Amino acid sequence: MVERLLNVREAGWPRIFVPIGVFLAAFGVCNFAELPLGWKDRVPQITRYLEATVGLGAEWVPAALWTAKTVELALGVIAVIALTRRHVGLLATSVLGWMGWFIAFAVLDVWAADRAELQEHTVYFVMFTVLLVSILVVSAARQALQRLEGYASTRADA
């Protein structure tokens, strides 16, 4: 069961990474696609961030929103590339990008004194931390099992 989940004997990457990659890709693409639907909700939030942090007014909100959504789309695209290439490093890069993104938003939440958003962004950060730990643990377990298989086969040949 563990070997099947970690995909030790076959070429490729562990099967458990597929749902993680699909989630990351969908999360990034859906966050970008949500922009027209959530525009009214995001404008006050981004306005608070801009006014509290750098003193910019509402005229900067569209540029800030499009920039933020483009970053989220890019993180989703990195996950799509990780899925298609079966590249663990890119998968971890996408997760790290999201973690950094939510740290940035948490800092903005603290600066703008928005506790509700701070709680939301903290939960997202914790969730992505769990994903990163899962990727690292599965990768380490897979490498350990491959080394054990190699060791067992060399012992059998001796």
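For the structure, see preceding data.
Procedures and definitions
Residues numbered from 1 in each chain as written. Predicted model: local features only at pLDDT ≥ 70, side-chain atom pairs only at ≥ 80, totals over all residues. Heavy atoms only, no water. Helix = DSSP H or I, 4+ residues; strand = E, 2+ residues; numbered from the N terminus. Buried < 20%, exposed > 50% of the residue type's maximum accessible area, 1.4 Å probe, protein only. Lys, Arg positive; Asp, Glu negative; His and termini not counted. Salt bridge = Lys/Arg side-chain N within 4 Å of Asp/Glu carboxyl O. Polar contact = N/O pair within 3.5 Å; in protein donor to acceptor, adjacent residues only side chain to side chain. Contact = heavy atoms within 4.5 Å. Patch = residues over 30% accessible without salt bridge, like charges linked within 9 Å, V, L, I, M, F, W, Y side chains within 5 Å. Areas by Shrake-Rupley, 256 points an atom, 1.4 Å probe, with all protein chains shown as cover. Core = buried A, V, L, I, M, F, W, Y, C linked by side-chain atoms within 4.5 Å.

## Details of unusual backbone geometry
Okay, so step 1: Notably, R86 is not glycine yet its phi reads approximately 55 degrees, a positive angle.
Okay, so step 2: Inspection of the secondary structure puts R86 in the loop between α4 (61-85) and α5 (88-111).
Okay, so step 3: Phi at A113 is positive, roughly 55 degrees, even though this residue is not glycine.
Okay, so step 4: Residue position: A113 is located in the loop between α5 and α6 (115-157).

## What to know about the side chain of E117
Okay, so step 1: As for its placement among the helices and strands, E117 is situated in helix α6.
Okay, so step 2: For the buried E117, which has no salt bridge, the nearest side chain bearing the opposite charge is R42, at an N-O separation of 4.9 Å.
Okay, so step 3: Here the side chain of E117 touches Q45 through a polar contact of 3.1 Å, side chain to side chain.
Okay, so step 4: Apart from the residues within four sequence positions on either side, E117 is in contact with Q45, Y49 and D109.

## A look at a nonpolar patch on the surface
Okay, so step 1: A cluster of nonpolar residues, I103, V107 and W111, forms a patch on the protein surface that exposes about 320 Å² of accessible area.
Okay, so step 2: With respect to the helices and strands, the residue W111 is situated in helix α5.

## Here's the deal with the nonpolar core
Okay, so step 1: Counting residues in hydrophobic clusters, the biggest one holds 30 residues, and the most contacted among them are F17, I20, L24, L91, V95, W98 and F128.
Okay, so step 2: Put simply, the parts of the chain that give this core at least two residues each are α2 (17-33), α3 (35-53), α4, α5 and α6.
Okay, so step 3: With eight residues, α5 is the single largest residue contributor to this core.

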